[in-house]
Structures are given as structure tokens and as C-alpha cells.
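These are the residues of each chain, in order.
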Amino acid sequence: MMTVHEVSELTGVSVRALHHYDELGLLKPAAVTEAGYRLYDESSLVRLQSILLFRELQFPLKDIGAILDSPTFDRNRALDQQIQLLELRKEHLENLIDLAKGIKGMGVKHLTDFRAFDTKKIDEYAREAKASWGQTKEWKEYEQKAQGRTREDNAALARGMMDIFAEFGAIRDTDPAAPEAQALVDKLQSYITEHYYTCSDEILLSLSKMYDGGGTMTESIDKVGGPGTGDFAARAIAVHCKK
């Protein structure tokens, strides 16, 4: 566990900003001591990385919270966008460095060249990245259903979904095509539709790639259901979607 001051020193995020994230429900501490001190664990730092990533993409804090709490959050997709944006910014900085060196070496001739200051490409990519998270009908449906929910409400829904994966874990050594496994697929699909957005077979199959993709989602699923649970759930979903 790390204190808020230790997290601030490690990440460069001010203590004031961390307190603000807590107040917004965006980044709650893992625990609070009897004396009222906030404590953060590894999962807190992972979430903070995602928050800072979306801040780089110019997302408002309220939108970041909704995205991170969505069951469809794809960290790898977000990282791909961050890498692209950083590469664009690197190119922009290199152009500015070349311009400055040119001015120093050749004098006033370069003072009329302002192309290196143009950030249109960066701004346009940031806009497109932001729009990609909020333009689908599923995302709009999710936003509508999430209105008025507290962070505690979202956490309870997330636990409910993990309870279903725990059920998958209890039968992960069986045939994914068996009726019991297929009943759990139906239960999962209905749960997502009821609480988040209409979960078609196509969407469910897409989600299953995160369940066994080896990322944080797989780790969370395998933690509640045992090793291989994410893979088993994904195979059961594949059978369901082929029917």
C-alpha cells in the first residue's frame, strides 16, 4: 500500500489532484486508515495510468470515469491511441527543434516559417480518438442507463458480473458446449443487456476476446473463477454464437 504522498511522488500527480479524483469517485483509495489517510494499491495505480492516458487524449474527467467503469473498456485499444498521440507529439517537438536550430544557424530567414507550430494533426487525432469511445449506439445506451448511478452502484454491478464468471469457474473443467455452460452464457448476455446496453451475439463474441486475451480483464476473471476461467467463458461464448 502507498500513501497519497507516495503516489504523488511516484506519478507526478499532485496530492490535490488525487484528492479531487477521490471526491469525484474517479480514483478511490483501496483503503482509508482510522486516522483518515488514503492508501493505494497496485490496482489503484493501474487505474490512475488509464486516467492519465485519457487526460492526454483531452477527455473530461466525468467521461473518463464512465469509460473506465464500462464493462467494454479495452485498455489495449486505449494504449494504442496513446502511443499514436505521443508519436505525433514527438514529431511535433522534433519539427520545433529543427526550426529552432535553423533560426540559430541561419538567422531571420526562418522567422517567417510557422509550419512547425501547427498542431492540427495532433488536435484532429485527439478528437477522433475521443469520438471513437462515444459514438456507438451501445455507448449512448450505456450512458443513458448509467445516469444517476454512483461509483458504489457501478462497483456492485461489476461484482455481479464477476459472480457470473465465478460460476463459469466452478465448471471450467467441463464441456463449454454443455447446457450448464450455455445457460451461463445466456445469463451473462442478459446481465449486460439489462445493466449496460443491448448485448448482441456479435458484441458478446467481441467481448469474449477480452475475457481470454491475457490482459487485466482476463486476470480479474481468473482471479474470481480460477486459472483458465476466461478462456473457458470465451469458448462457451464461441459455441453460443455459432448456433
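Residues numbered from 1 in each chain as written. Predicted model: local features only at pLDDT ≥ 70, side-chain atom pairs only at ≥ 80, totals over all residues. Heavy atoms only, no water.

Draft legend 1. Structural view of the packing of aromatic side chains. By the definition in use, this model includes four aromatic pairs. Taking the centre distance of 4.9 Å and the plane angle of 75° together, the rings of Phe 165 and Tyr 211 count as edge-to-face. Linking Phe 165 in helix 8 (residues 151–170) with Tyr 211 in helix 10 (residues 201–211), this pair joins segments that are 46 residues apart in sequence. A relative accessible area of 0% means that Phe 165 is categorised as buried. Overall, the relative accessible area of 1% leaves Tyr 211 in the buried class. Judged by centre distance (6.3 Å) and plane angle (70°), the rings of Phe 168 and Phe 232 are edge-to-face. Of this pair, Phe 168 sits in helix 8 while Phe 232 sits in helix 12 (residues 229–242), and the two are 64 residues apart along the sequence. You can call Phe 168 buried: its relative accessible area is 0%. The class for Phe 232 is buried, based on a relative accessible area of 0%. (Phe/Tyr/Trp six-rings, centres within 6.5 Å; stacked < 30°, edge-to-face > 60°. Helix = DSSP H or I, 4+ residues; strand = E, 2+ residues; numbered from the N terminus. Buried < 20%, exposed > 50% of the residue type's maximum accessible area, 1.4 Å probe, protein only.)

Draft legend 2. Layout of the sheet that holds strand 2 (residues 31–32). Taken together, three strands build an open sheet; the order of strands is 1-3-2 and the sheet is antiparallel. Each edge of the sheet is formed by a strand with only one pairing partner; in this case those strands are strand 1 (2–3) and strand 2. Judged from the two bridges that link them, strand 2 and strand 3 (residues 38–40) form a sheet pairing that is antiparallel. By the bridge assignment, Ala 31 is partnered in strand 3 with Leu 39. (Pairing = 2+ DSSP bridges.)

Draft legend 3. Examining the side chain of Thr 229 more closely. Mapping Thr 229 onto the fold places it in helix 12. A polar atom in the side chain of Thr 229 sits 2.6 Å from the backbone oxygen of Gly 226. Apart from the residues lying within four places of it in its own chain, the contact partners of Thr 229 are Phe 165, Phe 168, Gly 169, Arg 172, Ile 221 and Asp 222. (Polar contact = N/O pair within 3.5 Å; in protein donor to acceptor, adjacent residues only side chain to side chain. Contact = heavy atoms within 4.5 Å.)

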